[in-house]
Amino acid sequence: APKSYDVVVVGSGGAGLAAAIQAHDEGASVLIVEKMPTIGGNTIKASAGMNAAETRFQRVKGIQDSKELFYAETLKGGGNKNNPELLQRFVENAPEAIEWLARRGIMLNDITTTGGMSIDRTHRPRDGSAVGGYLISGLVRNVNKRGIDVMLDTEVDEILFDGGEVRGVRLLTDEKEVITVQAKSVVVATGGFSANSQMVVKYRPDLEGFVTTNHKGATGGGIALLERIGANTVDMGEIQIHLTVEQNTSYLISESIRGGGAILVNQQGERFYNEMSTRDKVSAAIIALPEHYAYIVFDEHVRAKNRAADEYIAKGLVTSASSPRELAATLGLGEDAFLATLERYNGFVSKQHDDDYGRTTALRAPINEGPFHAIRIAPGVHHTMGGVTVNTRTEVLNARQQVIPGAFAAGEVVGGIHGGNRIGGNAVADIIIFGTLAGHQAAVRGKC
Ligand code: ADP
């Protein structure tokens, strides 16, 4: 491989692949470097979908939505801590990001919702399958078609910086070979640090001992790389726990199951919170239960509409029974309480009003079609909202808000967009929106 490229992309998750494809399509020569043996990063595990408002696919389905509402709900969900300029750019570019994917054969034209959103704006594959695998395979297809160079099992262990600008990267292969690659632009798309428990606990001592939903490579090394060339960080203590994690396997149960109509019950068989509230609030409610776990309960109707549910069944995570009473008996729930919970909830569905917990979304259908299913879940570390600071052109900023020439960052490595709590479906939107933008900016600089 040549030792000089216009653009080096560090990380092969959604942000890195989108950046690489965009930079290539603008005429840049591009190298993707990935430290793990496989492509796809944590993105491949993404489940719910990609949020966007005012898209063609929403219009086709007659869904009325607005960018203003998407902005307001994301800001509210983030506890008003989101960086307003980044969030504005995010909301503005979201529909085009959906089209960017569609033009490359990646169609997210089925639409659902996630906690904290009042409108169906979570775009996912038509068959209702998890977004991550579909997205990564589509992006990889595009990378391969273009002949973009990819190095796996190779870590970027230094960004070369000289004379006030980025000059390239130093690579370390799994055979401990050191390679220097020159580039005017480096896109850091290395993801978050949820799998680095030491780093998590450093910022959040209360998360000691929590499992994580993330892949092993989510160690936050990219943040350190950029800090060494002067990057500033923001919101490092804003770490999201996801509430529906199966604890034996650390398997994330997609928010689309609740979005499809599932409820949460405690060991007594009772609902205890609005299931469609934001992740931080529902997680806190589960941690506050004496047993610190809950069950996500759904019926055959929800299962049939969610391919993900079949995956959970195949993996042995689901307890199923032909009747609610049998399900309650198997799980040791209060049987009468559980039956009363279902009857009461089904009543809320028919009148479209939740008297108990004020759930206003995904009151889709009564839970009354057997078999009935349940998965025992508890929170796990899921997303790190903090990271390096960037401007709306994805240029990395130092502590004085100055651009570090040649350094671009996109995806979970960046802090600020999601504030204090990331809404489900906003991570995939983030990586495509800012990944493509980083690819564009990096190509413009890298080619000159
Ligand atoms: P995003 O969702 O922001 O795209 P992902 O977690 O999906 O982030 O992908 C980030 C990728 O970057 C992962 O595959 C991870 O293994 C890789 N990575 C992290 N640090 C490095 C590094 N120093 N060198 C090369 N690859 C890295």
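Before reading on, note that the structure itself is shown above.
Note that the structure is a prediction, hence the values are computed from the model and not measured.

This next bit is on the site of the ligand. In the vicinity of the ligand, 24 residues are found, and the nearest of them are Ala-15, Glu-34, Thr-43, Val-156 and Glu-412. The separation between an oxygen atom of the ligand and a polar main-chain atom of Gly-13 is 3.4 Å. Between Glu-412 and the ligand, the recorded distance is 2.9 Å, taken from a backbone N or O atom to an oxygen atom. Here the ligand loses 97% of its free accessible area of 590 Å² to cover by the protein chains. Mapped by element, the contributors of at least two residues to the shell around the ligand are α1 (14–25) and β7 (154–162).

With 16 residues, helix α5 (residues 131–146) should reach 22 Å at 1.5 Å per residue; the first-to-last C-alpha distance of 23 Å fits that figure. When α5 is considered as a whole, its buried residues turn out to be Val-131, Gly-132, Leu-135, Ile-136, Gly-138, Leu-139, Val-140, Asn-142 and Val-143.

Between α1 and helix α14 (residues 426–447), the least distance of the axes is 7 Å, while the angle of their chain directions is 40°. Taken together, the axis directions place α1 and α14 in an arrangement best described as oblique. As α1 packs across α14, the resulting crossing turns out to be right-handed. Of the residues in α14, those touching α1 at Gly-14, Ala-15, Ala-18, Ala-19, Gln-22 and Ala-23 are Ile-431, Ile-432, Gly-435, Thr-436, Gly-439, His-440 and Ala-443.

The next point concerns the sheet that holds strand β8 (residues 165–173). Remark on secondary structure: sheet strands pair via backbone hydrogen bonds, oriented parallel or antiparallel. The strand order across the open sheet formed by 3 strands is β7-β8-β9, and the pairing between neighbours is antiparallel. Two strands in the sheet have a free side with no partner beyond their single neighbour: β7 and β9 (178–182). Sheet twist, expressed as the mean angle between neighbouring strand axes with direction ignored, is 25°. Here 5 bridges tie β8 to β9, and the two strands are oriented antiparallel to one another. Directly across from Arg-170, in β9, lies its bridge partner Thr-180.

Moving on, we get to the packing of α1 against α5. Axes are the key here: two packed helices are described by the angle between their axes and the distance separating the axes. Between α1 and α5, the shortest axis-to-axis distance is 10 Å and the interhelical angle comes to 30°. As α1 runs across α5, the sense of the crossing is left-handed. Of the residues in α5, those in contact with Gly-14, Leu-17, Ile-21, His-24 and Asp-25 of α1 are Ile-136, Leu-139, Val-140, Asn-142, Val-143 and Arg-146. Its residues assigned to classes, the contact of α1 with α5 shows 6 nonpolar, 3 polar and 2 charged.

How each quantity is defined
- Residues numbered from 1 in each chain as written.
- Predicted model: local features only at pLDDT ≥ 70, side-chain atom pairs only at ≥ 80, totals over all residues.
- Heavy atoms only, no water.
- Near = heavy atom within 4 Å.
- Polar contact = N/O pair within 3.5 Å; in protein donor to acceptor, adjacent residues only side chain to side chain.
- Areas by Shrake-Rupley, 256 points an atom, 1.4 Å probe, with all protein chains shown as cover.
- Helix = DSSP H or I, 4+ residues; strand = E, 2+ residues; numbered from the N terminus.
- Expected span 1.5 Å × (residues − 1).
- Buried < 20%, exposed > 50% of the residue type's maximum accessible area, 1.4 Å probe, protein only.
- Axes fitted to C-alpha atoms, helices over the stretch in contact; angles between N-to-C directions.
- Parallel < 35°, antiparallel > 145°, perpendicular 65-115°, else oblique.
- Left-handed = near helix turned anticlockwise from the far one by under 90°.
- Contact = heavy atoms within 4.5 Å.
- Pairing = 2+ DSSP bridges.
- Nonpolar A, V, L, I, M, F, W, Y, C, P; charged D, E, K, R; others polar.

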